[in-house]
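Chain by chain, the residues:
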Amino acid sequence: IITEKDDKMTKLKALLTQYKWSAKDLYRKIEEQGDTIPYYALTQMVNGKRTNYNIITLKKICKALDVTPNDLIEEDVSTFRRLMATDTEIEDLGF
């Protein structure tokens, strides 16, 4: 289970830690399934340098780890708060 205490660790990296897998292990598992993700891109995702996953990429990773997208998608509370403030501002304008 990933908690907010793991804030410096991506959910993907935390899952790999639980599985005792490296990014290379995940890469191999994805290849075994007949899929591909460039290794450099996968390591960027694991290390939090790439956070905007393509839906097909997300599906490949989920399949390899036998998890759901919710297990991998990071929730950015600050973005959510900003979006909520924007919605309120729009409502104040009468839209």
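Counting of residues starts from 1 at the beginning of each chain's written sequence and follows it residue by residue. Totals for whole chains, interfaces and linings use every residue, but because this is a predicted model, local features are given only for residues with pLDDT of at least 70 and side-chain atom pairs only at 80 or more, for both listing and counting. Water and hydrogen atoms play no part in the side-chain values, which are based on all heavy atoms of the structure.

**Side note on the environment of isoleucine 30**
And step 1. Among the structural elements, isoleucine 30 can be located in helix α2 (residues 23-32).
And step 2. Isoleucine 30 sits 30 residues away from lysine 60 along the chain, and the two C-alpha atoms are 6.7 Å apart.
And step 3. Whether two residues touch is decided by their heavy atoms; if any such pair falls within 4.5 Å, the residues are in contact. In this view, isoleucine 30 contacts Asp35, Thr36, Ile37, Leu42, Lys60, Ile61 and Ala64; residues no more than four positions away in its chain are not counted. The way it works is that DSSP assigns letters per residue, a run of H or I at least four long becomes a helix, a run of E at least two long becomes a strand, and they are numbered from the N terminus.

**Topic: the layout of surface pockets**
And step 1. Size it by volume and the second largest pocket reaches roughly 190 Å³.
And step 2. Taken together, 13 residues form the lining of the second largest pocket, with Thr51, Tyr53, Leu72, Ile73 and Glu74 sitting closest to its centre.
And step 3. For the lining of the second largest pocket, the class distribution of residues is 6 nonpolar, 3 polar and 4 charged. A cavity here means a set of 1 Å grid points, computed over protein atoms only, where a 1.4 Å probe fits but cannot escape. A pocket is an open set with protein on both sides within 12 Å along at least 5 of 7 lines, and lining residues have an atom within 4 Å of a point. Grid points are joined across faces, edges and corners, and a volume is the space filled by probe spheres set on the points. By the convention adopted, Pro, Cys, Tyr, Trp, Phe, Met, Ile, Leu, Val and Ala count as nonpolar, Lys, Arg, Asp and Glu as charged, and the other residues, Gly among them, as polar.

**Considerations on the nonpolar core**
And step 1. Note on terminology: a nonpolar core comprises buried Ala, Val, Leu, Ile, Met, Phe, Trp, Tyr and Cys residues joined through side-chain atoms within 4.5 Å. With a 1.4 Å probe rolled over the protein chains alone, any residue whose accessible area is under 20% of its type maximum counts as buried; one over 50% counts as exposed, and the rest are partly exposed. Within the largest apolar cluster, 19 residues are counted, with the highest numbers of intra-cluster contacts made by Leu12, Leu26, Ile61, Leu65 and Leu72.
And step 2. Of all the elements in the fold, those that place two or more residues in this core are α1 (11-19), α2, α3 (39-46) and α4 (55-65).
And step 3. Contact partners of leucine 26, with chain neighbours within four places excluded, come to Leu12, Leu16, Trp21, Leu42, Ile61, Ala64 and Leu65.

**Overview of the packing of aromatic side chains**
And step 1. Note on ring pairs: Phe, Tyr and Trp rings are taken, using the six-membered ring of Trp, and paired if centres are within 6.5 Å. Classes follow the plane angle, with under 30 degrees stacked, over 60 edge-to-face and the rest tilted. Under the defined criterion, the tally for this structure stands at 2 aromatic pairs.
And step 2. Here the aromatic rings of tyrosine 19 and tryptophan 21 are separated by 5.2 Å at their centres, their planes lie at 65 degrees, and the arrangement is edge-to-face.
And step 3. Taking the relative accessible area as the measure of exposure, tyrosine 19 reaches 33% and is therefore partly exposed.
And step 4. A centroid spacing of 5.5 Å and a plane angle of 80 degrees characterise the contact between tyrosine 27 and tyrosine 39, whose relative ring orientation is edge-to-face. Of the two residues, tyrosine 27 sits in helix α2 while tyrosine 39 sits in helix α3, which places them 12 residues apart along the sequence.
And step 5. Of the residues examined, tyrosine 27 reaches a relative accessible area of 19% and is grouped as buried.

**Re the confidence of the model for the chain**
And step 1. The quantity called pLDDT is the predictor's confidence in a given residue, expressed from 0 to 100. Here the chain averages 80 in pLDDT, and 71% of its residues register 70 or above.
And step 2. Below a pLDDT of 50 lies the segment residues 1-7, which in the model reaches 6 contacts outside its immediate sequence neighbourhood of four places, other chains included.

**With respect to α1**
And step 1. Every buried residue of α1 is listed here: Lys11, Leu12, Ala14, Leu15 and Leu16.
And step 2. Structurally, α1 contributes buried residues whose contacts are with α2, α3 and α4.
And step 3. Looking one or two residues beyond α1, the residue adopting positive phi is lysine 20, at roughly 60 degrees.

**What to know about the side chain of threonine 57**
And step 1. Its place among the elements puts threonine 57 in helix α4.
And step 2. Classification of threonine 57 by relative accessible area gives buried; the value is 15%.
And step 3. In contact with threonine 57, not counting residues within four places along its chain, are Ile37 and Met45.

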